[in-house]
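Now for the letters of each chain:
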Amino acid sequence: MTRVLSLFTPSGRPTLGNLLGALRPSAQRLGPDASRTDHVYGISDLHALTTPHDAAQLNERSLELAGLAIAAGIDPAQCVFFRQSTVPGHTELAYLMESTAYYGEMHRMIQFKEKSARQEAVRLSLLTYPTLMAADILLYQATEVPVGADQSQHVELTRDLAERFNRQYGEVFALPRAVHPAAAARVMDLAEPSRKMSKSVDSPGTIYLLDPVDVVRRKVMRAVTDSGSEVTYDPAGKPGVSNLLSILSACTDVPVEALSYDSYGALKRDTADAVIAVLEPLQKGYAAIVADRTELEAVLRAGAEQARALAEPTLAAARSAIGLTA
């Protein structure tokens, strides 16, 4: 059995990178022939607690991201779709994973080192976050976890913890593997193409999914390019141009090698048009979804009920194996 798990964190305003690298690829995995439980998708609001956040905005950000995910094609009728915090098994299994993991493993996580270096006061949950992610994955016996390169280490740790738990206490968990979207898995910041476009970093080079069309066009036209005038795909030598080509390719489904341009200006104009062509229907769909907030909340509650039922056998088996139940 193949079961795919993807959770989306409401740690900021969703960006074009989130759409092309996560939301749209997740939607494309769905199909009428698949069992609903083959795909477990959700809003990982617990993950948003690992860094400073506005408590009043968290619920709104979660609902916004849920609405955008559905507008992007993640159909709750074809998958289990829920809010992580409404399924208590995530936090309970996370503690069992903390009791399986070692401090050294947590401290070696690259993402922890990078994020903690930017903070004066580091929350303990940022250190232990990988065990919560492991619980998210293992709770549903997920076998495939689509992630970007920055999360691969966490999936590898999850596999290590699952193997250790199974070896020490008995076979409970399936062993997951990371899978990477083929295109635009890592959309870079238009103003600083050396770093990933981030929903948690305020930058003029970030395209937010709910940006007005004129704002989107202005951001693309002001994108940083590179020295010289040749339009070639060379992420190391020409990161700005390569980022635009990658975005254009992902928005149009045209391979990068098939794109040919004589000037940066023409590339920017076509990239802006392509991004807008993707965002306009998304924004219209989102507006229709959030117009009935009660229905959106009902969809998430129904998904949580199914997620709890799906998770319960694994949680019970893990509790018993580790010695918490007779």
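Keep in mind it's a predicted model, so treat the numbers as computed, not measured.

(A) Highlighting the overall build of the protein chain. Regarding its fold elements, the protein chain presents eleven helices and five strands. The globule rule puts the C-alpha radius of gyration for 326 residues at 20 Å, and the 20 Å found for the protein chain is close to it. Principal-axis analysis of the C-alpha atoms gives the protein chain an extent of 70 × 45 × 40 Å. Intrachain contacts of the protein chain at a sequence separation of at least 6 include 74% that bridge at least 24 residues. With an accessible surface of roughly 14,700 Å², the protein chain has 51% of that area assigned to carbon and sulfur atoms.

(B) Region of the structure containing the environment of serine 11. Looking at where serine 11 falls in the secondary structure, it is placed in the loop between strand 1 (4–8) and helix 1 (16–29). A sequence separation of 144 residues divides serine 11 from valine 155, and the C-alpha atoms of the two residues are 20 Å apart. If near-sequence neighbours (up to four positions away) are discounted, serine 11 is found in contact with Ala48, Lys199 and Ser200.

(C) Seen up close, the side chain of glutamine 141. With respect to the element layout, glutamine 141 can be found in the loop between helix 6 (124–139) and strand 4 (144–146). By relative accessible area, which is 18% here, glutamine 141 ends up buried. When residues no more than four places from it in sequence are discounted, the contact partners of glutamine 141 are Met1, Arg3, Val172, Phe173, Ala174 and Thr314.

(D) Representation of the pattern of salt bridges. Under the criterion given, the structure shown has twelve salt bridges. In this structure, arginine 293 engages glutamate 297 in a salt bridge whose closest nitrogen and oxygen atoms are separated by 3.3 Å. A residue pair is termed a helical-turn pair when its members lie 3 or 4 positions apart in one helix, as arginine 293 and glutamate 297 do in helix 11 (residues 293–322) at four residues. With relative accessibility at 28%, the residue glutamate 297 sits in the partly exposed group.

(E) Highlighting the nonpolar core. Counting residues in hydrophobic clusters, the biggest one holds 51 residues, and the most contacted among them are Leu16, Leu19, Ile74, Phe81, Ile207 and Leu279. Mapped onto this core, the elements with two or more residues apiece are strand 1, helix 1, strand 2 (39–43), helix 2 (55–71), helix 8 (213–221), helix 9 (239–252), helix 10 (264–290) and helix 11. The element contributing the most residues to this core is helix 10, with ten residues. The contact partners of leucine 19, leaving out residues within four places of it in the chain, are Arg24, Pro25, Ala72, Leu209, Val278, Leu279 and Leu282. One finds Tyr129, Leu132, Leu139 and Ala142 within the second-largest nonpolar core, a separate group that totals 42 residues.

(F) Looking closely at helix 3 (residues 89–98). Within helix 3, the full set of buried residues consists of Gly89, His90, Leu93, Ala94, Leu96 and Met97. Seen along its axis, helix 3 keeps its buried residues to an arc of 160°; they face one direction.

(G) Expanded view of the environment of threonine 314. Mapped onto the secondary structure, threonine 314 falls in helix 11. With 221 residues separating them in the primary sequence, threonine 314 and leucine 93 have C-alpha atoms 9.4 Å apart. Contacts of threonine 314, omitting those with residues within four sequence positions, involve Leu138, Leu139, Gln141, Val172 and Phe173.

(H) Representation of the packing of helix 9 against helix 10 in the model. One way to put it is that helix 9 packs onto helix 10 with a least axis distance of 9 Å and a crossing angle of 40°. Crossing of helix 9 over helix 10 shows left-handed handedness. The segment helix 9 lies against helix 10, with Val241, Leu244, Leu245, Ile247, Leu248, Cys251 and Thr252 engaging Tyr264, Leu267, Lys268, Asp270, Thr271, Ala274, Val275 and Val278. In the contact of helix 9 with helix 10, the residues fall into eleven nonpolar, two polar and two charged.

(I) Layout of the side chain of aspartate 45. Structurally, aspartate 45 is set in the loop between strand 2 and helix 2. Separated by 2.6 Å, the side chains of aspartate 45 and serine 85 make a polar contact. Setting aside its immediate chain neighbours within four residues, aspartate 45 contacts Pro10, Leu58, Ser62, Arg83, Gln84 and Ser85.

(J) Summary view of the confidence of the model for the protein chain. Taken as a whole, the protein chain shows an average pLDDT of 92; of its residues, 98% reach a score of 70 or greater. Mean pLDDT per element in the protein chain: helix 5 (residues 110–117) is the minimum at 72, and strand 3 (residues 80–83) is the maximum at 98.

(K) Structural detail: the packing of helix 1 against helix 10. Where helix 1 contacts helix 10, the two axes come as close as 12 Å, and the packing angle between them is 70°. As the angle between them shows, helix 1 and helix 10 are arranged roughly perpendicular. Residues Leu16, Leu19 and Arg24 of helix 1 form the contact with helix 10, whose participating residues are Val275, Val278, Leu279 and Leu282. Residues that form the contact of helix 1 with helix 10 fall into these classes: six nonpolar, no polar and one charged.

Definitions and limits used
Residues numbered from 1 in each chain as written. Predicted model: local features only at pLDDT ≥ 70, side-chain atom pairs only at ≥ 80, totals over all residues. Heavy atoms only, no water. Helix = DSSP H or I, 4+ residues; strand = E, 2+ residues; numbered from the N terminus. Rg over C-alpha atoms; globule rule 2.2 N^0.38 Å. Contact = heavy atoms within 4.5 Å. Areas by Shrake-Rupley, 256 points an atom, 1.4 Å probe, with all protein chains shown as cover. Buried < 20%, exposed > 50% of the residue type's maximum accessible area, 1.4 Å probe, protein only. Salt bridge = Lys/Arg side-chain N within 4 Å of Asp/Glu carboxyl O. Core = buried A, V, L, I, M, F, W, Y, C linked by side-chain atoms within 4.5 Å. Arc of directions from axis to C-beta. Axes fitted to C-alpha atoms, helices over the stretch in contact; angles between N-to-C directions. Left-handed = near helix turned anticlockwise from the far one by under 90°. Nonpolar A, V, L, I, M, F, W, Y, C, P; charged D, E, K, R; others polar. Polar contact = N/O pair within 3.5 Å; in protein donor to acceptor, adjacent residues only side chain to side chain. pLDDT = per-residue confidence, 0-100. Parallel < 35°, antiparallel > 145°, perpendicular 65-115°, else oblique.

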